[in-house]
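# Close look at the chain arrangement
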Amino acid sequence: METILRREEMAEIMLLPIRHHSPACSLQIKKMIESWKPSSILVEGPENANSLREIMVHEETRAPFAIYYSYHDREGKLSKEKAYYKCYYPFLEYSPELTALREAKKRGMEAAFIDLPYGDILAASREGKGLLKDEEKNSYNDDYLLSRNTYIKRLCEKTGLRNFDEFWEKYFEINGLYEEGDVWFSHLFTYCSLARENTPPESMEEDGCLKREAHMAAKIIQCAMAHGAKGRAEERWEEDLMAWMDPYRILVITGGFHTPGIRERLADGRWEETKRLLDNPSARIPKEDQSVYLMPYSMEAADALNGYASGMPFAGFYQKVWEGIGEMDAPYEKAVLDMLVSAGKEVRKKEGYLSTYDEICAWQMAKGLGELRSKPQPGAYELLDAVLSSYIKGEYNIASAMPMLVLKKQMTGRGMGSLCPLADVPPILHDFEMRCKAFGLKVRSTSEMETVLSIFSSRKHRNESMFFHQMVFLGTPFARRVKGPNLQQGKDKNLIRETWKYKWSAEVPAALIDVSVHGATIEEAAASLVGERLKGETGAGRAAVLLTQVFEMGLSGQLEAVYERVQELIVQDTDFYSMAEAVKALTMMEELSGLYGSALEISRLLLESVRKLIGLLPSMAGIKEENLPSCMDAVKMLYQITGKGSDMEQEKEAYFGALDEMCRDEGIHAGLHGCIWGILYGSGRETAIEVEKACLGYLTGTRGQLLQTAVFFRGLFYTAKDLIFIGGKILEMLDDFFGKVEENEFMELLPQLRMAFTYFTPGETDKIAKMAAGLHGKGREDILYRKEILPEWYAYGRELDAYARGHMHKA
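All of these numbers come straight from a predicted model, not from anything done at the bench.

Before going further, it helps to spend a moment on the overall build of the protein. From N to C terminus, the protein includes 39 helices and 11 strands. For the protein, the C-alpha atoms occupy an extent of roughly 115 × 70 × 50 Å along the three principal directions. By residue count, 51% of the 811 residues in the protein fall in the buried class. Expressed as a percentage of contacts within the protein between residues at least 6 apart in sequence, the contacts between residues at least 24 apart total 74%. Within the structure as shown, the protein displays about 39,100 Å² of accessible surface, and the carbon and sulfur contribution to it stands at 51%. Put simply, the protein has 100 plus and 122 minus side-chain charges, and the middle of one group is 3 Å from the middle of the other.

On to the sheet that holds strand β9 (residues 449–453), then. Strands sit in the order β9-β11-β10 across an open sheet of three strands; the sheet is antiparallel. Both outer strands of the open sheet, β9 and β10 (479–483), are each paired with one neighbouring strand and no more. On average, adjacent strands in this sheet sit at an angle of 30° to one another, irrespective of strand direction. Bridge count between β9 and strand β11 (residues 498–502): five bridges; the pairing is antiparallel. Its bridge partner being in β11, T451 is matched across the sheet by W500.

So, on to the nonpolar core. I67, Y191, F317 and F478 are the most contacted members of the largest nonpolar core, which has 232 residues in total. Here this core takes 10 residues from helix α27 (residues 576–596), the largest share from any one element. With sequence-adjacent residues up to four places away left out, F478 is seen in contact with F432, C436, L441, V443, F467, F468, M471, K501, Y502, K503, W504 and V508. A11, I114, C223 and I250 belong to the second largest nonpolar core, which has 19 residues in total.

Take the packing of aromatic side chains next. Enumeration according to the criterion identifies 43 aromatic pairs in this entry. Geometrically, the ring pair formed by F432 and F478 is edge-to-face, given 5.1 Å between the ring centres and 85° between the ring planes. Taken as a pair, F432 in helix α21 (residues 427–438) and F478 in the loop between α22 (459–473) and β10 lie far apart in primary sequence, 46 residues in all. Across the pair, exposure class does not vary: F432 and F478 are buried alike. Their ring planes at 70° and their centres at 5.2 Å tell us that F717 and F760 sit as a pair that is edge-to-face. Residue F717 is found in helix α34 (residues 709–720), and its partner F760 is found in the loop between α36 (743–757) and α37 (762–775); the two are separated by 43 residues along the sequence. Residue classification places F760 among the buried residues on the basis of a relative accessible area of 7%.

Here the focus is the pairing of strand β2 (residues 11–18). Burial within β2 is extensive, with eight of its eight residues counted as buried. Both faces of β2 are covered, namely the face carrying A11, I13, L15 and P17 and the face carrying E12, M14, L16 and I18.

A separate point is α21. In a regular helix each residue adds 1.5 Å, so 12 residues correspond to 16 Å; α21 covers 17 Å between its end C-alpha atoms and thus fits that length. Residues of α21 that are buried: I428, L429, D431, F432, R435 and C436. End-on view of α21: buried residues confined to an arc of 155°, all on one side of the axis. Residues of α21 that are exposed and point over 90 degrees away from its buried face: M434, K437 and A438.

The next thing to look at is the side chain of S22. Here S22 shows up in the loop between β2 and α1 (23–36). A residue is classified by how much of its surface remains accessible, and S22, at 0% relative accessible area, is buried. Leave out the neighbours within four places in its chain, and S22 touches Y94, P96, W168, E173 and M312.

What follows covers the environment of D165. Looking at the secondary structure, you find D165 in helix α7 (residues 164–174). Placed 130 residues apart in sequence, D165 and M295 show a C-alpha to C-alpha distance of 27 Å. For D165, the contacting residues outside a window of four places in its chain are R19, P313 and Y381.

Let's shift gears to helix α26 (residues 556–572). Helical geometry note: an α-helix holds 3.6 residues per turn, so side chains three or four residues apart project in the same direction. Compared with the 24 Å implied by 1.5 Å per residue over 17 residues, the 25 Å span of α26 between its first and last C-alpha is a close match. Looking at α26, one finds that the buried residues are Q558, L559, V562, Y563, V566, Q567, L569 and I570.

Tallying each qualifying case throughout the model produces 43 salt bridges. Ionic pairing is found between E213 and R196, a salt bridge with its closest N-O pair at 2.6 Å. On the criterion of sequence distance, the pair formed by E213 in helix α10 (residues 209–227) and R196 in helix α8 (residues 181–197) is long-range, its members being 17 residues apart. The buried category is assigned to E213, whose relative accessible area is 3%. Through salt bridges with shared partners, a single network forms among R162, E166, E169, R373, K375, E382 and D385.

As summarised here, the arrangement of the three strands in space is β5-β4-β8, forming an open sheet in which the pairing is antiparallel. Each edge of the open sheet carries a strand with a single partner, namely β5 (84–91) and β8 (290–296). The average angle at which neighbouring strand axes cross in this sheet is 20°, direction not considered. Sheet topology places strand β4 (residues 65–72) next to β5; eight bridges connect them, and they run antiparallel. In the sheet register, Y68 faces β5, and the bridge partner there is Y88.

Put simply, A63 and P64 share a cis peptide bond, and its omega is 10°. Its place among the elements puts P64 in the loop between α2 (53–56) and β4. A positive phi angle, near 60°, is found at F314, a position not held by glycine. With respect to the secondary-structure elements, F314 resides in the loop between α15 (299–302) and α16 (315–324).

So, how was this worked out
- Counting of residues starts from 1 at the beginning of each chain's written sequence and follows it residue by residue.
- Whole-chain, interface and lining totals are the exception, using all residues; otherwise, since this is a predicted model, local features are given only for residues with pLDDT of at least 70 and side-chain atom pairs are given and counted only at 80 or more.
- No hydrogens and no water enter the side-chain calculation; it runs on all heavy atoms of the structure.
- Helix numbering and strand numbering both begin at the N terminus, where a helix is a DSSP run of H or I of at least 4 residues and a strand a DSSP run of E of at least 2.
- Using a 1.4 Å probe on the protein chains alone, a residue whose accessible area is under 20% of its type maximum counts as buried, one over 50% counts as exposed, and one in between counts as partly exposed.
- By definition in these notes, contact holds between two residues if any of their heavy atoms fall within 4.5 Å.
- Note on areas: Shrake-Rupley with a 1.4 Å probe; residue coverage comes only from the protein chains shown.
- In summary, the charge assignment counts Lys and Arg as positive and Asp and Glu as negative, without counting His or the chain termini.
- A charged residue contributes its charge at one atom only: NZ of Lys, CZ of Arg, CG of Asp or CD of Glu.
- Whether two strands pair comes down to DSSP finding at least two bridges between them.
- Note on geometry: axes are C-alpha line fits, over the in-contact stretch for helices, and angles between N-to-C directions span 0 to 180 degrees.
- Among buried residues, those of type Ala, Val, Leu, Ile, Met, Phe, Trp, Tyr and Cys that are joined through side-chain atoms within 4.5 Å constitute a nonpolar core.
- Ring pairs are drawn from Phe, Tyr and Trp, using the six-membered ring of Trp, whenever the two centres fall within 6.5 Å, and their geometry is named by plane angle: stacked under 30 degrees, edge-to-face over 60, tilted for the rest.
- Take the residue count of a helix, subtract one, and multiply by 1.5 Å to get its expected span.
- Here, the arc refers to the directions that run from the helix axis to the C-beta atoms.
- Here, a salt bridge means any Lys or Arg side-chain nitrogen found within 4 Å of an Asp or Glu carboxyl oxygen.

This is a description of form; function is not addressed.
Given below as structure tokens:
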């Protein structure tokens, strides 16, 4: 805690450092406001969100929520790409900043955010640093400078704690319940100062920290000048002289890392320098290109463990602690006990093995660990360790991890916030409501609804389908297609209707606000997002899939641009699997283009991509095992496409030429080799006898070739499974193969054999079994009914009986 007294301005300034999402900080701030009674409260936060403060503290607004900032760099001030930027400033029920704003309203005090506007923070940051980091979501209140450096690492090692979060909980969260405010804030200020001293100045410069602190310090001075002695004299206050001479008290609440920097800026030696910033503001980012809204948020999104270092982790756990502060003497103990019981109950429901005794042991373990670690109460890390030691039976691995997964989910929390009716919303939400009304969608119900759309015969249904596709493309959880032609996956092309399920939830407006930076309407945002994806590095496959999505969304204004981009990438792309994805998407699109009424020349694009894919085919002979399914799919797909009509005759010959070249390659993958032989047989270019000779080559070759026989059959059955039924020698060869391999080799090859026989229906498998038994003079009854029971079978049966009996007794 730092207090600055300015006699000239008759203002007293108190600087309080905080950590975002800290219950202890919130508790101490409430106490400090009560005892110090400030006149104004200034809070770290972009100043262009000041218009939202009334909504944030409204009695009907429920945390968690977030301030959503967005900026469209139309003038290219940050980069030549003129990109879209966005970030989030989340608030939980116990966030110190929110507590301060609520206390200010309750006591009739002035309050304001004092940080640079979001766009100016971006301008103050270097590329790839601060809020310009290349992440899916950037959080405004990123604590990483406070929690990650060499000093903090050494401190955790010295205190024997695993990480900064555990250190913070022990020395600041739990201790914050017992220490007086001035002592507690003094300890926190000392820690923050040491953390700052061990951070390179260039890191603070790159993140825009120094410019932000200078701006916040200037705003504090502005408040002091406006409300101090000079300001009050100008306003001709007619009050008691002694009251008039009382200093104007300004409480400043900022992230702990910034507090020492702001204190330095407000020192006597730099006061005038900082004050001059008010007369010479730095170049500002245009306000009209920036937007700021409140949006409902979730505990999962706010939790630091989800990848956003936006404050403390375990939002659900600390929410329970916050609810217990003031209500009981030991809120941490109560939170730990509640979560042990609730996690135990859920694990028992899912797994069935956890007992009340296990829960008692876990509770005793948590309390014992807390005492051993010199903590007044057990905290989050004692809870985690107690569940790990008492709820996990045996080794901790994927199979036994259920209790930890359940606990961590509960510690994260499931809460979702809501905004009061006065909250302003971006135009995209109004557009969403208007379109739902036009289509007669029931969005006031929380039940999932279903609608069936005749997309090829009804224009209204086609428009509704386009709306649903746009909502899916924008990443909202509003609708999902359960049936209908799928252009991306090339499935269900025979269906002429789409079946959609849709449901309104609080996540829908949050997701729409998230993409509102891209446009004022659903269609405009989707079109803008398509443009963004076109700018990024992509292959022909992804671009072709994007073309199908644009087609389904009905974004006619984007079709030509995406079409041209696909055409460019088909020429440039040399990735076989990317080109195969492109051929697959374009084939489906070409087959349905007549029904959709498309004027695009898809057939020309498809022809170009087929030629390119055939040209790449010979290079795929020696593929890796994990790529076999994808490669066989592509080979079979090319066979189907080139065999459709006379207009593909030239490509058909090129395709079979490529297959011949691959077969001559000594390094060809056995599975791909079998797949090609199946296609050659199916096309009539090779006889069954020639296929049998190819099989015999593996069976009579080297030991290595023999062991590749199972993979060869896997590829062969994928494209020509009927060979096994036509009366030839394929089945005899398989039988011969099984006789030649050792038991351990057979077990190693078993996964490939299983894959080979998955292409057969149950009826076909039964027929094969009957044929195989006939090779050895056996029938169905000889296999199903045995006179003797093997000892291994009997032992296994006893083991199963004992296992079932044990579970029945537990139940």
